[in-house]
Amino acid sequence: MNQAVKKLTNRISRNFIKQVKKHPVIYGGALLILIFYYFSLPKQLFNDPISTVVTDANKDLLGAKIADDGQWRFPANDSVPVKFKKAIICFEDKHFYKHPGFNPVSILRALYLNIKHQTVKSGGSTISMQVIRMARKNRKRSFFEKILEIILSTRLEIQYSKDEILALYSSHAPFGGNVVGLDAASWRYFQRSAQDLSWAEAATLAILPNAPALIHPGKNRNALLSKRNRLLKALYHEGIIDSLTMDFALLERIPDKPYPLPQDAYHLMMELYQGEGNSKITQTSIDGRLQKEINKVVQFHAKNLKANEIYNIAALVAEVKTGKVLAYVGNVDYTEKNKRGNKVNVVTAPRSSGSILKPLLYAAMLNEGQILPGTLIPDIPTNMTGFNPQNFNLKFDGAVPASQALSRSLNIPAVRMLKKYSLSKFHFLVQKLGLKTIDKAPLHYGLSLILGGAEVSLWDICGAYASLSRTLVHHTEGTGYYNPNNIRPLNINPNYIEPHLEEEKEKGLINAASIWLTYKALLEVNRPAEEMGWKYFAGSKKIAWKTGTSYGFRDAWSIGTTPEYVVGVWVGNASGEGRPGCIGVSAAGPVMFDIFKKLPATTWFQQPEDEMVQTVVCNKSGHRIGENCEHGDTIWIAREGLDTDVCPYHTIVHLDENEQYRVKSSCYPINKMVHKPWFVLPPVQEYYYKSRKPSYQPLPHFKPGCSENNIKNMDIIYPSQGMKLYVPVELSGEMGQIVIEAVHKNPKAELFWHLNDSYIGTTTDIHQIGISPKSGKYTLTVIDNNGHEITRQFEVISKK
C-alpha cells in the first residue's frame, strides 16, 4: 500500500515538473499571484490613535481620554458580547459563519438592485468585507475596490477565526459622530459597558454602523427607531429572543443624544496617559463606588473652602495589607469653569511637608532607644546656627513629653529631637520609606527638614504610612518577624501579588513596638471641632492621624491610618498661594474624617507585646525612674527603651527644719536638716514650664548666710552663644534695637548687665534690655545680686 502511494506521488511530481518546464510563464505567474495573495493582508490591519481608558477593579469605566485624532476609539476588544453578536449578524450578515469571506448571493442581489434603481442601494458586503474596507480607510467605492475587498476578505478568513473577525468589526466600526467601536458607543449612548446592554440597546448599536453619518441618536430618530424595531422583530422570528423579550425591548426608548463619558478619576487617567501612552485599557484597583463617594466628599468641602479662596483638594484611600489604592482624587472637579489649577494632579505633585514627617522621627527615636514616650523635650527659645524655629502658637512650654510634642505638633521640640537623632540618619530613613522627592543632600534641607523644609507628594507619604501600618499588622498577626517587602510604595494594580520572600528578618526598618507607640500618641491628636468627644461614641473609629501646615499657609495635610486603611488629604492652592485658615486640623482634617466615614468598620492595632516590656518611669520627667524620683508609673515601652537614661531632673535638696530654705552643712546643723527629692528643671526651661504648670515648685531660696556656689540659678535666653545678629536701620536712619533677655530662679533677684565690660543697666522681675550696638563682636555679662555671673559671646551685623 505504502509503495503504491509512493509511486503515485513520484509520478505526480514528475508530471508537475514537466508541466512547469513546458509552461513556465503560466506557473510562474500563478506563483507570483499566490505570493501576492499571501502577503496582501497587512500584519496590523488597524493603526489608528487609541483613547486612554481607565477602569476600576470590576472593569467598570472610570474615565477615558479622547484619541489624538479626536475620535472616541477604545482599545480593541478580543471578545464580543452575545447580544450584540446575535444582533449584528442578524442585521448585517446572516450567513457570516458559513461563507468564506464574501457571499455570492448577496453580491448578485446587490448588483441586481443597483442596476434596477440606477444607484447604489446595496453593497452586498459581508462583515469580513466591511472589516477590510474599514482597514483601507473606506476608500472610494468602485468595481475594482469591490473585487479587492472580496480577495482580501478571503485572505482575512484564512488568517483570523470568525470570532476574531467579528471582534475586529466591533472594535473599529463607526457608530456615528466621533464614536468608533462598540465599547465607546455603549458608554456614549447608554452609559454602560457593552456586556450590560439590553436587547434593545444592542439592536440600536447593531444598525448604527450601516449608515453612521446619516443615522445616529442625535438625528433621524424615527428612522433609527424603525430600523431598531425591525431588527428586534427579526431576532424574534429567527428564534433568538422570545415574544416577551421582544415586547419589552420594543418599549425601550432610544437615547436622545450621546452622553459624556465618566470622568470619575480624571487625574489618575491623565497620569496613566502621560506615563504609558494612549495604547491600552488599564484596569486599576480603584473601587468605583467608593471613588464616586470620595469625589462627593471632596466637592462638598471644596465649596466651603472656596469662600476662603482655597481652591484645590487631593485625596487618597489605600488598603494597608496590599497597598492597593481604592480611591484617587487628584483635585477638585476639573470641569469647573474657573479652573484655578484644577487640572494639576496634586496626588503626585511635590508640596511642602509641614509637620507630616514628625511621626517618622518619633518612631525612629523610639526604635533606637533614644527616648521614651514621656521623655521631656526642651521647648524654649532656640537658635541653631541662624535657624530660629517657632511653635505654631508662638509660645513655649519649657519642657514637654515627647508624645505630647508629637500629638500637639510642637516645632521646637521636633527640631531638638532631629538634632539629637541625626539629620543624616533621618534623611536616610525617609528615603528608605519611599519619599522619592527628598533627593538632595541632608545639608540642603538642614534641621528644617522636620518642619516642611522638604517637599513630598501625597502618593509617597501615604505609601510611607501604609508601610509602617503594614509592618505592624504583619508582625502582630504573623510570626513576629519582619518582611522587608512590607516597606513599598502604593500601587493601582488590581492583581498585585507581593514578591515572594525566602526568609523573614528579625529586625525591621522600624520595629513594631515603636510604630505601635507612635500610633498610640497620634490617637491623641486633637480632632476637628465636629469630631470632639469622639471617644464617647461606641461606633467611633480609632484613627492614628497627623496633620501638617506648611510655612505661609500654602499646604494643609491630614494623614490617618487604621489596620485596614490609609487616608491622605492635601488642601491648598495648586498655584502655591497661601491663605489664612489653610491649616491641617481645620482644612484637611474634616475632609479626612468624612472620608473615613465612607469606609467599612475598622479595628485598632494589636499591641506587639513580644517586643515590649513593662518598666517604671518617673511620673514627672517621663524618664526611667531614678533613685531620687518620688513617684513612678508602670508603662509599656519598646525593649530598646531600657537603654535610655534614668531621670536627670530629680535631685536631693537639703532644707531647714521648717522646710522653708535650702541649707548647707557649712551653715546649718546636719541633724536639723530635712532631705527631700525635688524636681528641678534648668533655668530657661523652668521659666516657661512653671507658667504652664502651676503645680511646679521652684527650689526654695538659700537661707540667709548660706552660699549658693556652683548652683546654676540663671541663664541667658537671647542671644545664644556664638549667634550672629542683624540690627536693622530705622527709617529715620538711626540704628534699630535688639532685646536681650535672661531668667533667674529667684523672681526677686536683681541682674546687672554689662556689654564688653561696660555697665548698661539693671533689671528686676522681667529681665530684658534693649540695646543698639554697632557692628562687631561682643561679650555680654550678667551678674546677680549674689555675685554669680554668666556670659555670652555674639556678633552684630548691620549696614550702618
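Residues numbered from 1 in each chain as written. Predicted model: local features only at pLDDT ≥ 70, side-chain atom pairs only at ≥ 80, totals over all residues. Heavy atoms only, no water.

### Section: unusual backbone geometry
Peptide bonds are, in most cases, trans, and in most cases residues other than glycine have a negative phi. With an omega of 5°, the peptide bond running from Tyr718 to Pro719 counts as cis. By the element assignment, Pro719 lies in the loop between strand 19 (714-718) and strand 20 (723-726). One non-glycine residue, Ser422, lies in the positive phi region at around 110°. Relative to the assigned elements, Ser422 resides in the loop between helix 16 (411-421) and helix 17 (423-432). Unlike most non-glycine residues, Phe553 shows phi in positive territory, near 55°. In this fold, Phe553 is placed in the loop between strand 12 (544-549) and strand 13 (555-561). We classify Phe553 as partly exposed; its relative accessible area is 31%. (Helix = DSSP H or I, 4+ residues; strand = E, 2+ residues; numbered from the N terminus. Buried < 20%, exposed > 50% of the residue type's maximum accessible area, 1.4 Å probe, protein only.)

### Some remarks on the state of the cysteines
All chains considered together, the criterion is met by one disulfide. One disulfide bridge connects Cys667 with Cys706, the sulfur atoms lying 1.7 Å from each other. The S-S bond linking Cys667 to Cys706 shows a torsion near 105°; that makes this disulfide right-handed. Taken together, the positions of Cys667 in the loop between strand 17 (650-655) and strand 18 (674-679) and Cys706 in the loop between helix 22 (683-692) and strand 19 put the pair 39 residues apart, joining distant regions of the chain. (Disulfide = S-S within 2.5 Å.)

### Side note on the pattern of salt bridges
Following the criterion strictly, the structure yields 20 salt bridges and no others. When the shortest N-O distance is used, the salt bridge between Lys745 and Glu686 registers 2.9 Å. Of the two residues, Lys745 sits in the loop between strand 21 (738-744) and strand 22 (750-755) while Glu686 sits in helix 22, which places them 59 residues apart along the sequence. Via salt bridges that share partners, Asp397, Arg408 and Arg692 belong to a single interconnected network. (Salt bridge = Lys/Arg side-chain N within 4 Å of Asp/Glu carboxyl O.)

### Examining the side chain of Thr562
Here Thr562 shows up in the loop between strand 13 and strand 14 (565-572). With residues near it in sequence (within four places) discarded, Thr562 still touches Val320, Ser469, Lys542, Ile543, Phe596, Thr602, Thr603 and Phe605. (Contact = heavy atoms within 4.5 Å.)

### Describing the packing of helix 5 (residues 127-135) against helix 6 (residues 143-159)
Contact geometry for helix 5 and helix 6: axes closest at 8 Å, N-to-C directions at 110°. Put simply, helix 5 runs roughly perpendicular to helix 6. Here Ser128, Met129, Val131, Ile132 and Arg133 of helix 5 come into contact with helix 6, specifically with Lys146, Glu149, Ile150, Leu152, Ser153, Leu156 and Glu157. Along the lines of polarity and charge, the residues of the contact of helix 5 with helix 6 split into six nonpolar, two polar and four charged. (Axes fitted to C-alpha atoms, helices over the stretch in contact; angles between N-to-C directions. Parallel < 35°, antiparallel > 145°, perpendicular 65-115°, else oblique. Nonpolar A, V, L, I, M, F, W, Y, C, P; charged D, E, K, R; others polar.)

### Side note on the sheet that holds strand 20
Within a sheet, adjacent strands bond to each other through the backbone by hydrogen bonds, running parallel or antiparallel. Across the sheet, five strands lie side by side as 20-26-25-22-23; this open sheet has mixed pairing. A strand with exactly one partner marks an edge of an open sheet, and here the two such strands are strand 20 and strand 23 (758-764). This sheet shows a mean twist of 30° between the axes of neighbouring strands, independent of strand direction. Here four bridges tie strand 20 to strand 26 (residues 789-797), and the two strands are oriented parallel to one another. By the bridge assignment for strand 26, Lys724 is matched with Glu795. (Pairing = 2+ DSSP bridges.)

### Notes on the sheet that holds strand 21
Read from one edge to the other, the open sheet built from three strands follows the order 19-21-24, with strand pairing classed as antiparallel. Edge positions in the open sheet fall to strand 19 and strand 24 (768-771), since each of these has one partner strand only. Neighbour to neighbour, the strand axes of the sheet diverge by 25° on average, direction disregarded. Where strand 21 lies against strand 24, four bridges are found, and the strand directions are antiparallel. Across the sheet, Val739 pairs through a bridge with Gly770, a residue of strand 24. Sheet contacts for helix 22: strand 19 and strand 21; angle to strand 19, the most-contacted strand, approximately 75°.

### Structural notes on the environment of Leu468
Along the chain, Leu468 turns up in helix 19 (residues 458-477). Exposure remark for Leu468: the relative accessible area of 5% places this residue in the buried category. Considered as a pair, Leu468 and Thr561 are 93 residues apart in the sequence and their alpha carbons are 9.7 Å apart. In contact with Leu468, not counting residues within four places along its chain, are Leu360, Leu433, Ile510, Ile515 and Tyr519.

### Overview of the packing of aromatic side chains
Scanning the model with the defined rule gives 14 aromatic pairs in all. Between Trp545 and Phe593, the ring centres sit 4.9 Å apart and the planes meet at 75°, which makes this aromatic pair edge-to-face. Here the residue Trp545 occupies a position in strand 12, and Phe593 occupies one in helix 21 (residues 584-597), the gap between them amounting to 48 residues. By relative accessible area, Phe593 is classed as buried at 3%. On the numbers, 5.7 Å between centres and 20° between planes, the contact of Tyr778 with Phe794 is stacked. Linking Tyr778 in strand 25 (residues 776-784) with Phe794 in strand 26, this pair joins segments that are 16 residues apart in sequence. For the residue pair Tyr778 and Phe794, the accessibility class agrees, reading buried in each case. Between Lys65 and the ring centre of Tyr273, over which it is positioned, the NZ or CZ distance is 4.5 Å. Note that Lys425 overlies the ring of Tyr421, its terminal NZ or CZ placed 4.5 Å from the centroid. (Phe/Tyr/Trp six-rings, centres within 6.5 Å; stacked < 30°, edge-to-face > 60°. Lys NZ or Arg CZ within 6 Å of the ring centre and 35° of its normal.)

### Here we look at the pairing of strand 13
The element strand 13 is largely enclosed, with a buried count of seven among its seven residues. Taking every second residue as pointing to the same face, both faces of strand 13 are buried, with Asp555, Trp557, Ile559 and Thr561 on one and Ala556, Ser558 and Gly560 on the other. Of the strand pairs in this sheet, strand 12 and strand 13 are connected by six bridges, and their pairing is antiparallel. Of the residues in strand 13, the one forming a bridge with Gly548 is Trp557.

### Comments concerning the side chain of Glu201
Summarising the element assignment, Glu201 is placed in helix 9 (residues 199-207). For Glu201, a relative accessible area of 9% translates into the label buried. With residues up to four places along the chain from it excluded, the contact list for Glu201 reads Phe190, Arg192, Asp196 and Glu252.

### Some remarks on helix 21
Taking 1.5 Å per residue, 14 residues should reach 20 Å; helix 21 reaches 18 Å between its end C-alpha atoms and fits that length. Burial analysis of helix 21 places ten of its 14 residues in the buried class, the great majority of the element. Residues of helix 21 that are buried make contact with helix 13 (288-306), strand 6 (312-319), strand 12, strand 13 and strand 14. (Expected span 1.5 Å × (residues − 1).)

### As for the pairing of strand 7 (residues 325-329)
Burial runs high along strand 7: five of the five residues are buried. Two strands pair when backbone bridges link them, and strand 6 and strand 7 are joined in this way by four bridges, in the antiparallel orientation. Considered in strand 7, the bridge of Leu316 is made with Tyr328. What sits between the antiparallel neighbours strand 6 and strand 7 is a turn of five residues, in which Gly323 has the positive phi angle 80°.

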